[in-house]
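Each chain, letter by letter, is given below.
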Amino acid sequence: MGKRTRKLGIVGKYGTRYGSSLKKQLKKIETSQHTNYTCTFCGKDKIKRIAVGIWKCKACLSVVAGGAWCLQTQGAITVRGTIRRLRDLTEP
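Residues numbered from 1 in each chain as written. Predicted model: local features only at pLDDT ≥ 70, side-chain atom pairs only at ≥ 80, totals over all residues. Heavy atoms only, no water.

Before going further, it helps to examine the state of the cysteines. All told, the structure shown has zero disulfides when counted by the stated rule. No disulfide involves Cys70; its sulfur sits 16 Å from that of Cys39, the nearest cysteine. On the basis of relative accessibility, which here comes to 28%, the residue Cys70 falls in the partly exposed class. (Disulfide = S-S within 2.5 Å. Buried < 20%, exposed > 50% of the residue type's maximum accessible area, 1.4 Å probe, protein only.)

Put into structure tokens, the structure is as follows:
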């Protein structure tokens, strides 16, 4: 049996419904939520999403709170960078 979805990939399950632009956005979200992320504790690519905003490392069994679809949200990355910059300014 041949490959049935050439461009759609994971969102091919929706068929002809919902339009192409919505399916492109959904493909980006679904692929990011199903990928393995790098664990900050053990360094392995084993973090998987177990529920909305809950991520678990299969290697070291640590549980991390993160974003709904990706491990780190854009807001969290921005805040972390701002805190690091302000900390460097205040320390001698």
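Turning to helix 1 (residues 20-34), a few remarks are in order. For helix 1, which comprises 15 residues, the first-to-last C-alpha distance of 21 Å matches the rise-based estimate of 21 Å (1.5 Å per residue) to within 8%. For helix 1, the full list of buried residues reads Lys23, Glu30 and Gln33. Along the long axis of helix 1, the arc covered by the buried residues comes to 90°, so they all point the same way. Facing away from the buried side of helix 1 by more than 90 degrees, the exposed set consists of Lys24, Gln25 and Lys28. Tucked into the core, helix 1 has its buried residues touching strand 1 (47-51) and strand 2 (54-57). (Helix = DSSP H or I, 4+ residues; strand = E, 2+ residues; numbered from the N terminus. Expected span 1.5 Å × (residues − 1). Arc of directions from axis to C-beta. Contact = heavy atoms within 4.5 Å.)

Side chains that differ in sign of charge can pair as their charged atoms come close. Throughout the structure, instances matching the rule amount to one salt bridge. Across the salt bridge formed by Glu30 and Lys13, the nearest N and O atoms sit 3.5 Å from each other. Remark: Lys13 occurs in the segment before helix 1 and Glu30 occurs in helix 1; sequence separation between them is 17 residues. Assessed through its relative accessible area of 55%, Lys13 is described here as exposed. (Salt bridge = Lys/Arg side-chain N within 4 Å of Asp/Glu carboxyl O.)

Phi angles above zero are rare outside glycine, and Tyr18 is one such case at about 75°. For Leu61, which is not glycine, the phi torsion reads 60° and is therefore positive. Within the secondary structure layout, Leu61 lies in the loop between strand 2 and strand 3 (63-65). Overall, the relative accessible area of 58% leaves Leu61 in the exposed class.

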